[in-house]
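# Report on the structure
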Amino acid sequence: MGKFTTHEASEIGKKNLKSAKALIVIREPWLGYLVMGCRFHFTEDIPTAAAAPALGNRIYLNESFFNSMENNAQRAFVILHEILHIFFEHPDRAKKNNYNAQLWNIASDYFINAHLDNLSNDMIQMPEQGLLDKDRFSRNDGSLMSSDEIYHKLLEDNDDSVSQAMQNEMGSSIEEVWTGDAGSGSGSGNDNNGKAPLDELPQEETPEDIKTENKQSLNSAVTEAKKKDIGNEAGGLVQQLNDLIETKVPWNELLRDFIQSENDRQDFTYSKPNRR
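Reference entry: report on the structure contained in this document.

What counts, and at which threshold
- Residues numbered from 1 in each chain as written.
- Predicted model: local features only at pLDDT ≥ 70, side-chain atom pairs only at ≥ 80, totals over all residues.
- Heavy atoms only, no water.
- Helix = DSSP H or I, 4+ residues; strand = E, 2+ residues; numbered from the N terminus.
- Contact = heavy atoms within 4.5 Å.
- Areas by Shrake-Rupley, 256 points an atom, 1.4 Å probe, with all protein chains shown as cover.
- Core = buried A, V, L, I, M, F, W, Y, C linked by side-chain atoms within 4.5 Å.
- Buried < 20%, exposed > 50% of the residue type's maximum accessible area, 1.4 Å probe, protein only.
- Pairing = 2+ DSSP bridges.
- Axes fitted to C-alpha atoms, helices over the stretch in contact; angles between N-to-C directions.
- Phe/Tyr/Trp six-rings, centres within 6.5 Å; stacked < 30°, edge-to-face > 60°.
- Arc of directions from axis to C-beta.
- Salt bridge = Lys/Arg side-chain N within 4 Å of Asp/Glu carboxyl O.

## Structural notes on the overall build of the protein chain
What the protein chain contains, in helices and strands, is twelve helices and four strands. At a minimum sequence separation of 6, the contacts of the protein chain that also span at least 24 residues come to 66%. Surface summary for the protein chain: the accessible area is close to 14700 Å², and the carbon and sulfur share equals 46%.

## Points about the nonpolar core
Counting 64 residues, the largest nonpolar core has Leu 34, Ile 83 and Leu 241 as its most contacted members. The leading source of residues in this core is helix H4 (residues 72-87), at nine residues. Every residue in contact with Ile 83, bar those within four places of it in the chain, is listed here: Leu 34, Val 35, Cys 38, Phe 40 and Ile 59. Counting residues in hydrophobic clusters, the runner-up holds five residues, among them Phe 4, Ile 46, Ala 52 and Tyr 60.

## Quick word on the sheet that holds strand E2 (residues 39-43)
Spatially, four strands are ordered E1-E2-E4-E3 in an open sheet, and the strand pairing comes out mixed. For this open sheet the edge positions go to strand E1 (6-7) and strand E3 (49-52), each flanked by a neighbour on one side alone. The sheet contact formed by E1 and E2 spans two bridges and is antiparallel. Residue pairing for E2: Thr 6 is matched across the bridge by Thr 43. Relative to the sheet, H4 contacts E2, E3 and strand E4 (58-61), its axis offset from that of E4 by approximately 145 degrees.

## Brief notes about unusual backbone geometry
With the exception of glycine, most residues fall at negative phi, and the peptide bonds are largely trans. In this model, Asn 57 sits at a positive phi of 55 degrees, which is unusual for a non-glycine residue. What makes Asn 57 buried here is its relative accessible area of 4%. For Glu 89, which is not a glycine, the phi torsion comes out positive at approximately 55 degrees. Of note, Glu 89 is situated in the loop between H4 and helix H5 (90-96).

## Side note on the packing of aromatic side chains
Under the counting rule described, the total for this entry stands at seven aromatic pairs. Considering the side-chain rings of Tyr 99 and Trp 104, the 4.8 Å spacing of their centres and the 35 degrees angle between planes classify their relative orientation as tilted. Note on accessibility: Tyr 99 and Trp 104 belong to one class, buried. Considering the side-chain rings of Tyr 110 and Phe 137, the 4.7 Å spacing of their centres and the 50 degrees angle between planes classify their relative orientation as tilted. Taken as a pair, Tyr 110 in helix H6 (residues 101-117) and Phe 137 in the loop between H6 and helix H7 (147-156) lie far apart in primary sequence, 27 residues in all. With relative accessibility at 3%, the residue Phe 137 sits in the buried group. Chaining the aromatic ring pairs together yields one cluster made of Tyr 99, Trp 104 and Tyr 151.

## Side note on the environment of Phe 137
The spatial distance from the C-alpha of Phe 137 to the C-alpha of Tyr 110 is 8.2 Å, given a sequence separation of 27 residues. Residues within four places of Phe 137 in sequence aside, it is in contact with Tyr 110, Leu 144, Met 145, Ile 150, Lys 153 and Leu 154.

## What about helix H8 (residues 162-169)?
Where H8 is concerned, the buried positions are Ala 165, Met 166 and Glu 169. The arc that holds every buried residue of H8, seen down its axis, measures 100 degrees, which confines them to one face. Those residues of H8 that are buried are in contact with H6 and H7.

## As for the pattern of salt bridges
Taken as a whole, this structure holds eleven salt bridges when the rule is applied. Across the pair Asp 117 and Lys 134 runs a salt bridge whose closest N-O atoms are separated by 2.6 Å. With Asp 117 in helix H6 and Lys 134 in the loop between H6 and H7, the pair connects residues that are 17 residues apart, well separated along the chain. Taking relative accessible area as the criterion, Asp 117 reaches 32% and is therefore assigned partly exposed. Across the pair Glu 208 and Lys 211 runs a salt bridge whose closest N-O atoms are separated by 3.8 Å. Of this pair, Glu 208 and Lys 211 both sit in helix H10 (residues 208-227), separated by three residues, roughly a single helical turn. One salt-bridge network, in which partners are shared between bridges, spans Glu 8, Glu 11 and Lys 14.

Pasting the structure below:
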């Protein structure tokens, strides 16, 4: 994703953005740390929104789309949705795992929307066109699947066909859905016609310095949430974000590094040891 052409927002656009951000800080203060870690811009280069951590945690909003939301609760949802794409490192993971960008966007939208819906308050509200199906994407114990699990389930349910999964999950393009034209074209006629991701998601690597700063913001947010006894349930949003802070190195990587370090040693010799 290249850098978008941005423009000065109208007074109503500035007011809506300011009000939505304030609503988040008032209703979910712990998430305010993540809001402050992002920069917001208006652009006409995309139909809805986009998160670009590689460009410095920039969030791009189509002003017409943003202003068309029914209320600030929906605008707050859109902002948090983009923020979570950044802090869950979704663009990086798409590239790292060689996922289909569009299907990964759908999977990660299901994941984010489910967790935001679980915040259970009427001050943060998902627009009706968003993708949400918590029953379908829950594990046997009732906890929500990860974005990766959802991605692979979408493939599994569609005979490993990306195109079939795309057709069954949307049926209409992002632009058609959010401009109100869905259903008037050649959509599939499935239950999800009229539903779409909230945004466009790039496949880009985020610089390490930005990742480090994001971990610090996450740590502040999670610490504040725990102080307020927010979201202590296993698998909830706070726990998911906390897991991002605690970097875990897979055992196979540790073993590989150990073997490599042993092979690189230069002090090995077949000579008899000196017994003096």
